[in-house]
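Next come the chains, spelled out residue by residue.
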Amino acid sequence: DGGFIFISEQRRSWTTTKSDGGSTSHSNCDSIFIGRFNEEFELEWSSVVPKHQRSMNNGSQFISHYHFIEDNVLNILFNSNGVNYSTEGIYKKNAKKEAISANEMDYLILAKVDLNTGEIISQRSVLDYKPFKRYITINDGTISYNASNNSVYGFARGLNTAWKKTMGYKIELN
């Protein structure tokens, strides 16, 4: 129809220097803004998918998001902390929205946005990380979606020395 969808994420990165000369790298990835513009570049609707992530010295590979479109629905995957979700894995609209560090991410979240209206259809957990002690690397270009079997493929790795091995995964999205 000549229009387009715009997706943007709040992101900040900085480095702090210690008195001993060492440094620490920090990154924050926060809410995702989605807007639909018509062919005259006028905004038709906008939505915000709330998320709050931070990373320190791990290359930011676990923060940010991955998105794909299926059946006129924008699907957004990202890692998050369980404090913002119910025991059933549903996003709490009045959650604390606290920034979380990579080692506090408990769940892989799938947010669905209707591309006709901008309505957030759902935002829920699709994977609980606690049993695996590994996390999906979102920000390294290895994640992909396969429409034929409605699955996401990629790699996951641990945060600490004992769990640094990388493993492949396949997640079927229902």
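Here is what the cut-offs are and how they apply
Residues numbered from 1 in each chain as written. Predicted model: local features only at pLDDT ≥ 70, side-chain atom pairs only at ≥ 80, totals over all residues. Heavy atoms only, no water. Core = buried A, V, L, I, M, F, W, Y, C linked by side-chain atoms within 4.5 Å. Buried < 20%, exposed > 50% of the residue type's maximum accessible area, 1.4 Å probe, protein only. Helix = DSSP H or I, 4+ residues; strand = E, 2+ residues; numbered from the N terminus. Pairing = 2+ DSSP bridges. Lys, Arg positive; Asp, Glu negative; His and termini not counted. Salt bridge = Lys/Arg side-chain N within 4 Å of Asp/Glu carboxyl O. Polar contact = N/O pair within 3.5 Å; in protein donor to acceptor, adjacent residues only side chain to side chain. Contact = heavy atoms within 4.5 Å. Phe/Tyr/Trp six-rings, centres within 6.5 Å; stacked < 30°, edge-to-face > 60°.

## Notes on the nonpolar core
Formed by 14 residues in total, the largest nonpolar core has its most connected members in Ile 34, Val 49, Leu 74, Ile 76, Phe 78 and Val 113. Here this core takes 4 residues from strand 8 (residues 107-114), the largest share from any one element. In this structure, Leu 77, Leu 110, Val 152 and Leu 173 belong to the second largest nonpolar core, which totals 9 residues.

## Some details on the pairing of strand 4 (residues 53-56)
Across the two faces of strand 4 the burial differs, with Gln 53 and Ser 55 buried and Arg 54 and Met 56 not buried at all. Summarising the sheet, strand 2 (residues 23-37) and strand 4 pair through 4 bridges and their orientation is antiparallel. Across the sheet, residue Asn 28 finds its bridge partner in strand 4, namely Arg 54.

## What to know about the side chain of Asp 114
Tracing the backbone through its elements, the reader meets Asp 114 in strand 8. Buried and without a salt bridge, Asp 114 has Arg 36 as its closest oppositely charged side chain, separated by 8.5 Å. In this structure the side chain of Asp 114 is engaged in a polar contact, spanning 2.6 Å, whose partner is the backbone nitrogen of Asn 116. Apart from residues lying up to four places away in sequence, Asp 114 is in contact with Trp 45, Asn 72, Glu 119 and Ile 121.

## Some thoughts on the packing of aromatic side chains
Throughout the structure, instances matching the rule amount to 4 aromatic pairs. Cluster of aromatic residues (ring-pair linked, three or more members): Phe 4, Phe 37 and Phe 41.

## Topic: unusual backbone geometry
A positive phi angle, close to 65 degrees, is found at Phe 41, a residue other than glycine. Within the secondary structure, Phe 41 is located in the loop between strand 2 and strand 3 (43-49). What makes Phe 41 exposed here is its relative accessible area of 62%. The backbone of Asn 72 shows a phi angle near 60 degrees, a positive value even though the residue is not glycine. Tracing the backbone shows Asn 72 in the loop between strand 5 (66-70) and strand 6 (73-80).

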